[in-house]
Protein chains: 2
Amino acid sequence: MKTIKAATYPIHFNEEAYTNLSKLIDDNKYSTLFILVDENTFEHCYPKFISNLSTTKRIEVIEISSGEIHKNLETCMGVWNAITELGGDRKSLLITLGGGVITDLGGFVASCFKRGIDFVNIPTTLLSMVDASVGGKTGVDLGVLKNQIGLFANPEMVLVDTNYLATVTQREINSGTAEIIKYGITYDTNLFNQIKKDKGLGITDLIYRSIEIKNEVVLQDPKEQNLRKILNFGHTLGHAIESFYLESNDKENLTHGEAIAIGMVCESYISSKLLGFNMLNVNEIKEVILSIYDKTRLLKEDFSDIIELLKHDKKNINGQVNFVLLEAFEKCKLDCKVTEELLIESMDFYNA
Amino acid sequence: MKTIKAATYPIHFNEEAYTNLSKLIDDNKYSTLFILVDENTFEHCYPKFISNLSTTKRIEVIEISSGEIHKNLETCMGVWNAITELGGDRKSLLITLGGGVITDLGGFVASCFKRGIDFVNIPTTLLSMVDASVGGKTGVDLGVLKNQIGLFANPEMVLVDTNYLATVTQREINSGTAEIIKYGITYDTNLFNQIKKDKGLGITDLIYRSIEIKNEVVLQDPKEQNLRKILNFGHTLGHAIESFYLESNDKENLTHGEAIAIGMVCESYISSKLLGFNMLNVNEIKEVILSIYDKTRLLKEDFSDIIELLKHDKKNINGQVNFVLLEAFEKCKLDCKVTEELLIESMDFYNA
């Protein structure tokens, strides 16, 4: 598949990507390759990765525990200490092999080690392929607040090998599908219809189109001043819901996609009330989402806690929560304010 | 005094600097001002600062404990949590008011909070005025390894008010003087002679000239690929000595300047052996330094621990320690290798 050119780096696909990676490593005369994995990607992805890589460099594997709950500064310190003890220097290369936790955290670790070493991202989940592979967002959570600490930093290369998807669960595939639905709703109705009607477009094509879309958006607005905010559709309420379940001791966590899917239903409903977004489209979105995700029952008594978490959203200025809403498919309005009543009403709509 | 233009920001001096800062705050419509201080600068510098600032913005003071030992990620987490709890958003401004620990750590905290908020540095010690005010280096220590975690990030403005020097001890003044001596040796013999012969140039002039020099160097080589490495003269061995005293439980810590002063004597001696740097100059440098700093007795039995710490120097590639040495005053040679025997000999020379 054709390489996609992101801002400062290429995104290579499938088998030929490994040739490009091997060449990058040779050309840059790296001193050591550090491969960041979790216990799952070390077992299921690393063997394939290493058998495809052609290099004589020293390779050191650093393993962290899987899961969003480990996407924090303590884990970063562990990795920084490991790199230090293994003799990492400014000419080291960090290769991340995993889902969004690994690629986001790894990019942050690399960008801050001795004021920045090179890194390459190899997303192995659908979510990280379609979301984390473009845009330069790196970071970790602070407590339950998602991606509160981080920075913009681009990798030297992204390698997307869809064969890694064979190693993940259906629930993880669904988690990534939420982002593809988002690209469809906000940017490309054809893509939305593909998923809605399951027209049989292969997963690789869906991934490729999603990365193309995200890349087009990010190239126009790398630092999220304007256009890029459309990628937050569903994420404002979605992140708050995700954080709420993450900090609840008695509730099972939601995947990122499950939370964002709920967020998209609610924010579509809010759009219909504030911007006249067609209610037929709202129901269409809800229907597609409920065909993929089990319904989560949001408890009335939890609404205020969820709304409280909204105030930490990174888009907020002066305590004002800013939503991205829809006037129509492919037509977003940025920086919308929403009353607490309407937020509650939208969660009721999701529950109904 | 005339404003110095650094890469992307101005460095303003003394009284008129506050007018510029007040204007910056107005122009950028910041939501909240967070002032980062330690217990000393809160007591001795904050009252002057706040009486000079003209703004109606909400101001929140965040205090951390003073000292290099607190320049770490735990302190960063405390500050990030404080900013979060106080409702910091992307339009918040962080103003650092303190020495190098505050300005380096504060710049790092700001650059990573929600992927980066603006910050302004107000150095209050001689060292931070002549060193941390230019160059965009931010960061914290990892264990005893200095500035291991950090990144390049520029403030919106630097405000140098030499009146703050009235609040610091002579030992702290001496710590900063080591950097001025370094600028003299590596870049401007006139400046070195000023200090050597105490020609009575005022401290403000010494600071101004030092900042000019550092700015000239950094503008030519912002990311320390080549020329900027000259600013590491004395720092390779100096940092290792500083780290060694920091991690020793039974030895009093050295200030940064005290350690770097020893480093400069040793590296001057090494320069004479490897590059024919005139031994008369070596002795001249040693004499000036011993006229300012009490002699530290480096114990023979500690040499190997100090040399071991060298391997974590950020300039190292492939385990090779890279020194900046002198062919003459104002003439440095980069990336020099030094044998362990010569390192030992140089410390013996310092002790002699």
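Residues numbered from 1 in each chain as written. Chains lettered and ligands numbered in written order. Predicted model: local features only at pLDDT ≥ 70, side-chain atom pairs only at ≥ 80, totals over all residues. Heavy atoms only, no water.

1. Remarks on the packing of aromatic side chains
Residue and element names in this part refer to chain A. Our working rule: Pairing of aromatic side chains requires ring centres within 6.5 Å, counting the rings of Phe and Tyr and the six-membered ring of Trp. Pairs whose planes differ by under 30 degrees are stacked, by over 60 edge-to-face, and all others tilted. In this scheme, a residue with accessible area under 20% of its type's maximum is buried, one over 50% is exposed, and one in between is partly exposed, where area comes from a 1.4 Å probe on protein chains only. We count a stretch as a helix when DSSP gives it H or I for four or more residues in a row; a strand needs E for two or more, and each element gets its number in order from the N terminus.
Using the criterion set out here, one finds 16 aromatic pairs over all chains in the structure. With a centroid separation of 5.6 Å and an interplanar angle of 85 degrees, the aromatic rings of Phe 244 and Tyr 245 are classed as edge-to-face. Note on accessibility: Phe 244 and Tyr 245 belong to one class, buried. A ring pair is formed by Phe 277 and Phe 329, whose centres lie 5.9 Å apart and whose planes are at 90 degrees; its orientation type is edge-to-face. In this pair, Phe 277 sits in the loop between α11 (256-275) and α12 (279-292) while Phe 329 sits in the loop between β10 (323-328) and β11 (331-336), placing the two residues 52 residues apart along the sequence. Note on accessibility: Phe 277 and Phe 329 belong to one class, buried. In textbook terms, an aromatic cluster arises when at least three aromatic residues are bridged by ring pairs, as seen for Phe 42, Tyr 46 and Phe 49.

2. Some words on the environment of Ala 82 of chain B
Counting through the fold element by element, Ala 82 of chain B comes out in helix α4 (residues 73-85). For the pair formed by Ala 82 of chain B and Ile 62 of chain B, sequence separation is 20 residues and the distance between their alpha carbons is 7.3 Å.

3. Quick look at the pairing of strand β6 (residues 118-123) of chain A
Residues and elements named next belong to chain A. How we decide: The rule for pairing is simple: two strands pair if DSSP sees at least two bridges between them. For a crossover, the right-handed case is the one in which the path from the first strand over the helix to the second runs clockwise, viewed with the strands pointing away from the viewer.
Extensive coverage of β6 is indicated by the burial of five of its six residues. Note that strand β5 (residues 93-98) and β6 share six bridges and pair parallel. Each residue of the ladder has a partner; that of Leu 94, found in β6, is Phe 119. In the classification by handedness, the crossover that spans β5, the intervening helix α5 (residues 100-112) and the parallel β6 is right-handed. In the sheet, β6 pairs with strand β9 (residues 157-160) via two bridges, with the strands oriented parallel. Following the sheet pairing, Val 120 is matched in β9 by Met 157.

4. So, the interface of chain A and chain B
Short version of the rule: Every residue pair with non-hydrogen atoms within 4.5 Å of one another is taken to be in contact. Summed over both partners, the accessible area (1.4 Å probe) lost when two parts come together is defined as the buried area. Any carboxyl oxygen of Asp or Glu within 4 Å of a side-chain nitrogen of Lys or Arg constitutes a salt bridge here. Side-chain atoms alone can form a polar contact between residues adjacent in sequence; in general such a contact is a pair of N or O atoms within 3.5 Å, and within protein one must be able to donate a hydrogen while the other accepts it.
Contact residues are listed per partner, giving 35 residues for chain A and 35 residues for chain B. A combined buried area of about 3100 Å² lies between chain A and chain B, and 60% of that area is made up of carbon and sulfur atoms. Our count for the contact surface shared by chain A and chain B stands at two salt bridges. We note a salt bridge from Glu 224 of chain A to Arg 90 of chain B, for which the minimum N-O separation is 3.7 Å. For the pair chain A and chain B, the number of links is ten residue pairs in polar contact (both at pLDDT 80 or more).

5. Describing the domain arrangement of chain A
All names here are of chain A. The line we're drawing: Each domain's limits were defined by an automated method or a database of domain assignments.
According to the domain assignment, chain A contains domain 1 (4-167) and domain 2 (170-201 + 222-351). Between the C-alpha centres of domain 1 and domain 2 the distance comes to 28 Å. On the domain 2 side, the residues contacting the 15 residues of domain 1 number 21 residues. Surface buried jointly by domain 1 and domain 2 totals about 1700 Å² across both partners, of which 64% is contributed by carbon and sulfur atoms. Remark: the boundary between domain 1 and domain 2 carries two salt bridges. Here Lys 146 and Glu 242 are joined by a salt bridge, their closest N and O atoms 3.1 Å apart.

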